[in-house]
Amino acid sequence: MENIFWKFWAKFENIGNNIHRYDTRVYLIEINKPSDNDKCLGAIVGENPGSARGAISNELVQIDLQGDKLLPTVRNIFENAYKKCAKEIPENSYIQVLNLFYLCDADLNNAIKKYENSTSKIDECENKNFPFIWYVCGGENKKLSNMKDRFNKINSKKHFYLDPRNDCIKENIPSNIDLAKHTQFMKQEKVIDYISKILK
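Source: prediction; values computed, not measured. (Residues numbered from 1 in each chain as written. Predicted model: local features only at pLDDT ≥ 70, side-chain atom pairs only at ≥ 80, totals over all residues. Heavy atoms only, no water.)

Engineer: I'd like to hear about the pattern of salt bridges, residue by residue, with values.
Structural biologist: All told, the structure shown has 13 salt bridges when counted by the stated rule. A salt bridge links D36 to R25; its shortest N-O distance comes to 3.9 Å. Taken together, the residues span a long stretch of sequence, with D36 in the loop between β2 (18–31) and β3 (39–46) and R25 in strand β2 at a distance of 11 residues. One salt bridge in this structure joins R75 and E79, with 3.3 Å as the shortest N-O distance. (Salt bridge = Lys/Arg side-chain N within 4 Å of Asp/Glu carboxyl O. Helix = DSSP H or I, 4+ residues; strand = E, 2+ residues; numbered from the N terminus.)

Structure below.
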């Protein structure tokens, strides 16, 4: 797969016989090889990585989506936001994907069980300073509360999420009882409009 331009990149590690995904990047323009000098536009926080996989490596590798919908949906939303604000997408720019925990499993409940009985670690990318952070990490779940609390200390001056209960964008870090709408079945118009104004 060398010399192929690609959109989705990450590092994959096998920890305790469970696959973990770190430094996940959604590039808005396909690239041949990611770099530490590439431009991070902002971040999105989900629950855990789903079905997407890649080769075990300490370097960024191409992601095989295997039916994962979040990553391409995020890319499409940002592409549309750039179109809406009539700005060109910067070269080598990407959205950082963070998670409450980094164990790969498309079944959230199964992933939580594995996580509770395994050794894991936090993505070092959480230490970056992000221009903005968009939360799509769902609603109240007592097993995820401690993980959500971690993001109260993350470095960013702008936080937002779509609150489907009130059908509006909220500009804060969601609490453990807030519902931060996942991209699945999301009405994207409000999010695209909001992001387009950030990008101006």
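Engineer: So what's going on with the side chain of D38? Which residues, and what values?
Structural biologist: Counting through the fold element by element, D38 comes out in the loop between β2 and β3. Within the structure, D38 has its side chain in polar contact with the backbone nitrogen of S35 (distance 2.8 Å). D38 has contacts with R25, Y27, I31, N92 and Y94, leaving out every residue within four places of it along the chain. (Polar contact = N/O pair within 3.5 Å; in protein donor to acceptor, adjacent residues only side chain to side chain. Contact = heavy atoms within 4.5 Å.)

Engineer: Tell me what's going on with unusual backbone geometry, and back it up with residues and numbers.
Structural biologist: Look at D167: it is not a glycine, yet its phi comes out positive at around 50°. Note on placement: D167 falls in the loop between β9 (159–163) and β10 (168–170). Judged by relative accessible area, which is 43%, D167 ranks as partly exposed. Residue F185 is not a glycine yet carries a positive backbone phi of 60°. Turning to its location among the elements, F185 is positioned in the loop between β10 and α4 (189–199). (Buried < 20%, exposed > 50% of the residue type's maximum accessible area, 1.4 Å probe, protein only.)

Engineer: A description of the pairing of β2 should follow, citing residues and the corresponding values.
Structural biologist: Burial of β2 is extensive: 11 of the 14 residues sit out of reach of the surface. The pairing of strand β1 (residues 6–15) with β2 spans 8 bridges and is classified as antiparallel. Among the inter-strand pairings, K11 is bridged to a residue of β2, identified as Y22. Connecting β1 to the antiparallel partner β2 that follows it, the hairpin turn spans 2 residues, and G16 within it adopts a positive phi of roughly 60°. As paired elements, β2 and strand β5 (residues 93–99) share 4 bridges and run antiparallel to each other. Counterpart to R25 in the pairing with β5 is Q96. (Pairing = 2+ DSSP bridges.)

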